[in-house]
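# Structural characterization, general
Next come the chains, spelled out residue by residue.
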Number of protein chains: 2
Amino acid sequence: MIEAKMESPVVLKKILDAIKELVSDANFECNEEGLKLQAMDNSHVALVAVELNAESFMKYRCDRPMPLGVNLASLTKVIKCAKDDDTVTLRATDDQDILHLTYEAKNTDRIAEYDMKLMDIDADALGIPETDYDATVKLSSGEFLRIVRDLSGLGESVRIEVTKEGVRFISEGESANGSILLKQSGGGKIERVRQGNGVKKEDGADDDDDDEDSGKKKAVKVKKEARDDEDEEMEEDDGGSIQEESGSEAEPEEEDADEEEGSGSKKRKRSSKASASAKKKTKTAAKKGKKKADDDDEEEEGGATIHMNQHVNLTFSLKYLVNFAKSGSLSKNVHLKMSNEVPLLVQFVFGGGLISYYLAPKIGDE
Amino acid sequence: MIEAKMESPVVLKKILDAIKELVSDANFECNEEGLKLQAMDNSHVALVAVELNAESFMKYRCDRPMPLGVNLASLTKVIKCAKDDDTVTLRATDDQDILHLTYEAKNTDRIAEYDMKLMDIDADALGIPETDYDATVKLSSGEFLRIVRDLSGLGESVRIEVTKEGVRFISEGESANGSILLKQSGGGKIERVRQGNGVKKEDGADDDDDDEDSGKKKAVKVKKEARDDEDEEMEEDDGGSIQEESGSEAEPEEEDADEEEGSGSKKRKRSSKASASAKKKTKTAAKKGKKKADDDDEEEEGGATIHMNQHVNLTFSLKYLVNFAKSGSLSKNVHLKMSNEVPLLVQFVFGGGLISYYLAPKIGDE
DNA sequence: GTCCATGCTT
DNA sequence: AAGCATGGAC
């Protein structure tokens, strides 16, 4: 038996809108931690993962782990029958292949119930790469959408380069070439992600120093810790333009979590966080002459927040990126995580969950 | 080498949207005066001319006149990659067949660069008719769009008649006929353009009095002059409905130029002009009991400002007019200029430039 | 809450 | 190329 009640169908609607063209059927794996969906896209090129944390539900109960095999088109139809201010309750029992959905208007004057057939779906053998990434870029979802859409008008592929200059998106088409450079937000320098001792290398920016700290920032799950002090001597480790950065990448979820769903001003949470982390960073920032106390809180238009451990240069199919970018409605920002020759991770963090897309790079001139 | 920097891509976007279905490839002729494009439409029926004045650019440099042969579909794609608040710089060197476009966000965090192939295009042999027109009608672009779109639902062609009654758009279709009459704005009488002595004729409205004043109002370039007094006795010269008008048609460019691009209220310039010309017209208006002091400043909905030298009666293909009307987003008003048996000129004047369409009338019942 | 403009789909 | 739907602005 599983029962999950949510305040609003909006997030679910957006998730389904975002992935239903990529994946037609998938299992929602339910356990005490929440709901998780992982699936290869229909052409088995990209991988989609959605996580909804148990805590984000008004009520969440899962007696034992079970998969709910759903046809996403059907679920989309059904969830669209919920008004945006209805509460939505999902229910499934162990013995029936049925998903029950109950939509209740806030005033309880209206209760709608839907039953949807579930399917048996063979779980894809999903090898989710668990890499530490050489470069991460945070930018506004709108900007990301804009970039990939613009470039998809020119060519099939985009090359993404992260250098100390910023992140560059390059597309070469028949009639025109395009190149979009996003600099670090606010004109700051590209910040070096602090990762174990990898950054100690003199030429670290071109080397593989990502293997050494696996487990340290597993995807975006790792908690920020007070490690700032131990690496202060690493400043200027790459010609003076790459700078050590103290753990700010460790908490994108919390930061983004209420950007979209929360109704408060975008400065609300930020300011409290900034003051909290500013304390830790004061020493470092002062020493290095940084303008910003906490770059993760930078959100201004057009800019990107870039953490680079090593230059990356990867080429991807724009078609998929355009698809991924649809999830922008879930979160104000998107995180791109890249290492050379491994799949790109495109991640949207929203209140109560996370949606991740993995896409393998094109190799050579394929 | 040519380099042209503009504050915003919006005008260029609108121009391309407006003409890209009419013309697929064209030369932008660049010289020190600005950029000019002239081309026959793809079916060689209509002629499109676009002018962008050098002064309207933030920066403009053209070392020597050169044509930039562009595929308009490609340029449209590329220009759409500019955000509306980006500055746009066009660059072309003499030796490369490439147009470079640079889009810079105002905060400079984002710089996008596009390179587009240029083409060698045989310049059309363009005979632009330089006529003085027997009738000119100024109306709101929205009204024009509405009229041609409405009528195109009924028939293939529209007959445009300008008489002392106003301007009439007539379409005869299989299942229905339509006729739209626009009277002079504000209920004023049709104003006779003051042209030499032509208006002295008792029946001038039906005769050919347009030959006599050629050079007086060449297109829309002629300057207003204080000639009001000399013809005051001509009032009621055509049954009391045709009226001498003192050169107010002489400055549509200036008048329209900031209607669209200017950010001021639409009454700003108007009121100052009205008071200036009101002085001149006071005598006439008082004598005739006119309501309005200056009809050129009338912009209210549904009205038209009509200057007629001679009745005209011309038939045009609606298909083209509908296409022309798309340029309405560039300017609040459109000017229609007509003489019997010569091509119609449809003109949109906007901040920094001008777009003109010429369309030959249908003869007989072709 | 309504209207307009833009983007996407057929 | 036209119509529909969605998102943004007033």
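The residue numbers shown here count from 1 along each chain, following its written sequence. All chains are assigned letters beginning at A, and all ligands numbers beginning at 1, according to the order in which they are written. Per-residue local features are limited, in this predicted model, to residues with pLDDT of at least 70; the limit for side-chain atom pairs, both in listing and counting, is 80 or more; totals at the level of whole chains, interfaces and linings are taken over all residues. Just so you know, side-chain values use all the structure's heavy atoms and leave hydrogens and water out.

## Quick word on the sheet that holds strand β11 (residues 157-163) of chain B
Residues and elements named next belong to chain B.
- In short, DSSP must find at least two bridges between two strands for them to pair. Think of it this way: any DSSP run of H or I at least four residues long counts as a helix, any run of E at least two long counts as a strand, and we number them from the N terminus. The sheet built from 4 strands is open, its strands ordered β13-β12-β11-β17 with antiparallel pairing. The outermost strands of the open sheet, each flanked by one partner alone, are β13 (177-182) and β17 (312-317). Recorded for the sheet is a direction-independent mean angle of 15° between the axes of neighbouring strands.
- Bridge count between strand β12 (residues 166-172) and β13: 6 bridges; the pairing is antiparallel. Paired with E172 across the two strands is N177, which belongs to β13.
- The contact criterion used throughout is that any non-hydrogen atoms of two residues lie within 4.5 Å. Here, axes are lines fitted to C-alpha atoms. For helices the fit covers the stretch in contact, and angles between N-to-C directions go from 0 to 180 degrees. Each of β11, β12 and β13 touches helix α3 (residues 141-152); the most contacted strand, β13, lies at about 165° to it.
- Relative to β17, helix α6 (residues 318-325) is tilted by about 85°, and along the sheet it contacts β11, β12 and β17.

## Some words on the interface of chain B and chain A
- Taken together, the contact between chain B and chain A spans 19 residues of the former and 25 residues of the latter.
- Buried area is understood as the total, over both parts, of accessible area removed when two parts are fitted together, assessed with a 1.4 Å probe. Buried surface at the junction of chain B and chain A, both sides included, amounts to about 1,600 Å², of which 40% is carbon and sulfur.
- The rule for a salt bridge is simple: a side-chain nitrogen of Lys or Arg has to be within 4 Å of a carboxyl oxygen of Asp or Glu. Seen at the junction of chain B and chain A, the total is 1 salt bridge.
- Broken down by secondary-structure element, the contributors of at least two residues to the side of chain B that touches chain A are α2 (72-80) and β9 (110-117) of chain B.
- With 8 residues, the single largest contributor to the side of chain B that touches chain A is β9(B).
- Any residue that is not Ala, Val, Leu, Ile, Met, Phe, Trp, Tyr, Cys, Pro, Asp, Glu, Lys or Arg is counted as polar, Gly included; the first ten are nonpolar and the last four charged. Taken together, the residues of the side of chain B that touches chain A break down into 7 nonpolar, 3 polar and 9 charged.
- Bridge analysis of strand β13 (residues 176-182) of chain A against β9(B) gives 7 bridges, and the strand direction is antiparallel. Across the sheet, L182(A) pairs through a bridge with R110(B), a residue of β9(B).

## A short note on the relation of the copies chain B and chain A
- A least-squares superposition brings the copies together, and it is based on the C-alpha atoms of residues with pLDDT no lower than 70 in both. Placing chain B over chain A gives an RMSD of 0.2 Å and needs a rotation angle of 119°, together with 0.8 Å of translation along the axis. Read as a symmetry element, the transformation amounts to a three-fold axis.

## Considering the UniProt feature "domain: Proliferating cell nuclear antigen PCNA N-terminal" (unreviewed entry) in chain A
- In the numbering used here, UniProt assigns the feature "domain: Proliferating cell nuclear antigen PCNA N-terminal" (unreviewed entry) to residues 1-124 of chain A.
- This span, residues 1-124 of chain A, is 15% helix and 46% strand, and a straight line between its end C-alpha atoms measures 23 Å. UniProt positions are given in the numbering used here, feature names are shortened, and annotations may be inferred rather than shown by experiment.

## Side note on the side chain of Q347(B)
- Summarising the element assignment, Q347(B) is placed in strand β19 (residues 344-350).
- N or O atoms closer than or at 3.5 Å make up a polar contact, with two conditions inside protein: a donor-capable atom paired with an acceptor-capable one, and, for residues adjacent in sequence, both atoms drawn from side chains. A polar atom in the side chain of Q347(B) sits 3.0 Å from the side chain of S356(B).

## As for the pattern of salt bridges
- On inspection of all chains with the given rule, the structure shows 25 salt bridges over all chains.
- Between K13(B) and D84(B) there is a salt bridge, with the nearest N and O atoms lying 2.7 Å from each other. Note that K13(B) is positioned in helix α1 (residues 10-19) and D84(B) in the loop between α2 and β7 (87-92), a separation of 71 residues in sequence.
- The buried label applies to any residue whose accessible area, calculated with a 1.4 Å probe on protein chains only, is under 20% of its type's maximum; exposed applies above 50%, and partly exposed to all values in between. Looking at K13(B), the relative accessible area reads 17%, which means it is buried.
- Residues participating in the shared-partner salt-bridge network are E3(A), K59(A) and R91(A).

## Side note on the sheet that holds strand β1 (residues 2-6) of chain A
Residues and elements named next belong to chain A.
- A sheet is described by the order of its strands in space; here 5 strands give the open sequence β5-β1-β7-β8-β9, paired in antiparallel fashion. Edge positions in the sheet fall to β5 (59-62) and β9 (111-117), since each has one partner strand and no second. Looking at each pair of strands side by side, their axes are set apart by 15° on average, direction ignored.
- Helix α2 (residues 72-79) contacts β7 (87-92), β8 (98-104) and β9 of the sheet and is inclined by roughly 20° relative to β8.

## Remarks on the pairing of strand β1 (residues 2-6) of chain B
Residue and element names in this part refer to chain B.
- With 5 of its 5 residues buried, β1 lies for the most part within the structure.
- Residues I2, A4 and M6 of β1 are buried on one face, and the alternating residues E3 and K5, pointing to the opposite face, are buried as well.
- With 5 bridges joining them, β1 and β7 adopt antiparallel strand pairing. Residue M6 lies in a different strand from β7, and its bridge partner there is V88.
- Bridging between β1 and strand β5 (residues 59-62) involves 4 bridges; their strand directions are antiparallel. When the bridges of β5 are listed, I2 appears paired with C62.

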